[in-house]
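Here is what each chain is made of, one letter per residue.
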Amino acid sequence: MKLPAVLPSLEFNYITILLVTWFYNPSRSEITSLDSGNIDETLNNADVALVNFYADWCRFSQMLHPIFEESSNVVREEFPDLKQVVFARVDCDQHSDIALRYRISKYPTLKLFRNGMMMKREYRGQRSVSAIADFIRQQKVDPVKEIHDLEELKTLDRSKRHIIGFFEGKDSENYRTFEKVANILRDDGVFLAAHGSLSKPERFSGDNVIYKPPGENSPDMVYLGSLSHFDLIYAWAQDKCVPMVREITFENGEELTEEGLPFLIMFHLKEDTESLEKFQHEVARQLIGEKGTINFLHADCEKFRHPLLHIQKTPADCPVIAIDSFRHMYVFPDFSDLNVPGKLKQFVQDLHSGKLHREFHHGPDPTDVTPGQDNQEEVASNPPESSFQKLAPSETRYTILNRDRDEL
């Protein structure tokens, strides 16, 4: 009996499906599914962990799954030890408590963890096997650059923040703690170390760590706590490496918007370092208590002409201070008022109280009217729309959760 000609075609398709299914079968990749019972132990025991927070119904999550799995296979060839690199995933529908814990606002989100600590900078690069594998390779580069001659310290790039350790040897608990701190803060500062006889001139009272701040004439600062106490040295190094006023760029704008905090931002000409220093000083003096409620930023007004146009300003008007609430932008009346005690702090407090928004729509609050002055008729106005919200994650790459934000 002659078989129908269609059967070879069906057989071929069946084999093809089997091969495709085998190739993308998650069991081939060593991806750990995380839940409340194993997440802390898994992440704490890994030098580097890349975690995919996803939802099965999200089409972008579905598209990423085979890429993430194959990336895991490629990386596992180079780093077979699970204590070095872990690829893991969290089904956010099944484990909403974990999604809430790590403030997941979009699917899929690839979060990077170092020694159990979540990094602010998640993976936002190209979604390809080679790009993800390269990203992990970069994370495995030694975070501490070894000093071979103390003369090297005279030629450091003083525009950067340097944490420098002087140790008797690499096998000490002090150095292992220093290395762990460097691994977590590698994106925020430059970590260097000298060992043995080379470091002896700087170890007159034992192992020593110093901070060299930006600026040619800025004095060094010495760490005075226990070098084996991770929490203490990490808090000290983080304070030195992460400035209170950060620069916003097109490269980091997305991650800054995702922090969910409004921006207090100073636009300035790149060469105008004097105004920037004045702004930094006043933020530190007046607004230290507002840290965690608003992001303090500065921006090159030539690069960010578009936001300036939103508030009817140009680079010629800089320096300019404004708040972007992610719905509207509000302008600090006069940069020279920065020196007026409490003026900048009141500007921020007026954002939190809703006063800035009310006054844009309805004119001055009644409590601000001079006694004896007749209340003028309310004049409605429209504050400029937010400009920096456009730097938020794109809906063509993510399923965005809770896109709308409350005013503030």
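Structural data are supplied above this passage.
These notes cover the structure that comes with them. For every chain, the first residue of the written sequence is number 1, and numbering continues from 1 along that sequence. With pLDDT at 70 or above as the cut-off, local features in this predicted model cover only qualifying residues; side-chain atom pairs require 80 or more to be listed or tallied, and sums for whole chains, interfaces and linings still use all residues. The basis for every side-chain value is the complete set of heavy atoms in the structure, and neither hydrogens nor water enter the calculation.

On the basis of which strands lie adjacent, the open sheet formed by five strands has the order S1-S3-S2-S5-S6 and mixed pairing. In the strand order of this sheet, the two ends are held by strand S1 (31–33) and strand S6 (117–118), each with one partner. Judged from the six bridges that link them, strand S2 (residues 48–54) and strand S5 (residues 109–114) form a sheet pairing that is antiparallel. Bridge pairing in S5 links Val48 to Arg114. A pair of strands counts as paired when DSSP detects no fewer than two bridges linking them. Each helix is a run of H or I in the DSSP string that is no shorter than four residues. Each strand is a run of E no shorter than two, and both are numbered from the N terminus.

Our focus in this paragraph is the sheet that holds strand S11 (residues 221–222). Either a parallel or an antiparallel arrangement is found when strands of a sheet pair, and the pairing is made through backbone hydrogen bonds. Pairing is mixed across the open sheet formed by five strands, whose spatial order is S7-S9-S8-S10-S11. Of all the strands in the sheet, the pair left with one neighbour each is strand S7 (144–146) and S11. Where strand S10 (residues 208–212) lies against S11, two bridges are found, and the strand directions are antiparallel. By the bridge assignment for S11, Tyr211 is matched with Met221. Two residues form a contact once any of their heavy atoms are found within 4.5 Å. Lines fitted to C-alpha atoms define the axes, with helix axes restricted to the stretch in contact, and inter-axis angles between N-to-C directions lie between 0 and 180 degrees. Relative to strand S9 (residues 190–195), helix H6 (residues 173–185) is tilted by about 160°, and along the sheet it contacts S7, strand S8 (162–167), S9 and S10. Each of S8, S9, S10 and S11 touches helix H8 (residues 230–241); the most contacted strand, S10, lies at about 15° to it.

Turning our eyes to something else, we now look at the pairing of strand S13 (residues 263–268). The buried fraction of S13 is high, at six of six residues. In this structure, S13 lies alongside strand S14 (residues 295–300), joined through six bridges in parallel fashion. Bridge pairing in S14 places Met266 opposite His298. Between the parallel pair S13 and S14, the chain is carried across by helix H10 (residues 273–286), and the sense of this crossover is right-handed. Across five bridges, the pairing between S13 and strand S15 (residues 320–324) is antiparallel. Each bridged residue has a counterpart across the sheet, and for Ile265 the counterpart in S15 is Ala322. For every residue, the accessible area obtained with a 1.4 Å probe (protein chains only) is divided by the maximum for its type, and the residue is called buried under 20%, exposed over 50%, and partly exposed between those limits. With its strands directed away from the observer, a crossover is right-handed exactly when the path from the first strand over the helix to the second travels clockwise.

Classification of ring pairs uses Phe, Tyr and Trp, with its six-membered ring standing for Trp, and accepts pairs whose centres are within 6.5 Å; under 30 degrees between planes counts as stacked, over 60 as edge-to-face, and the remaining range as tilted. Per the stated rule, a full pass over the model turns up 17 aromatic pairs. Their ring planes at 35° and their centres at 6.3 Å tell us that Tyr175 and Phe178 sit as a pair that is tilted. Taken together, the residues span about one helical turn, with Tyr175 and Phe178 both in helix H6 at a distance of three residues. Note on accessibility: Tyr175 and Phe178 belong to one class, buried. Above the ring of Tyr398, the side-chain terminus of Lys106 is found at 4.8 Å from the ring centroid. For a ring to carry a charge above it, either NZ of a lysine or CZ of an arginine must fall within 6 Å of the ring centroid while also lying within 35 degrees of the normal to the ring plane.

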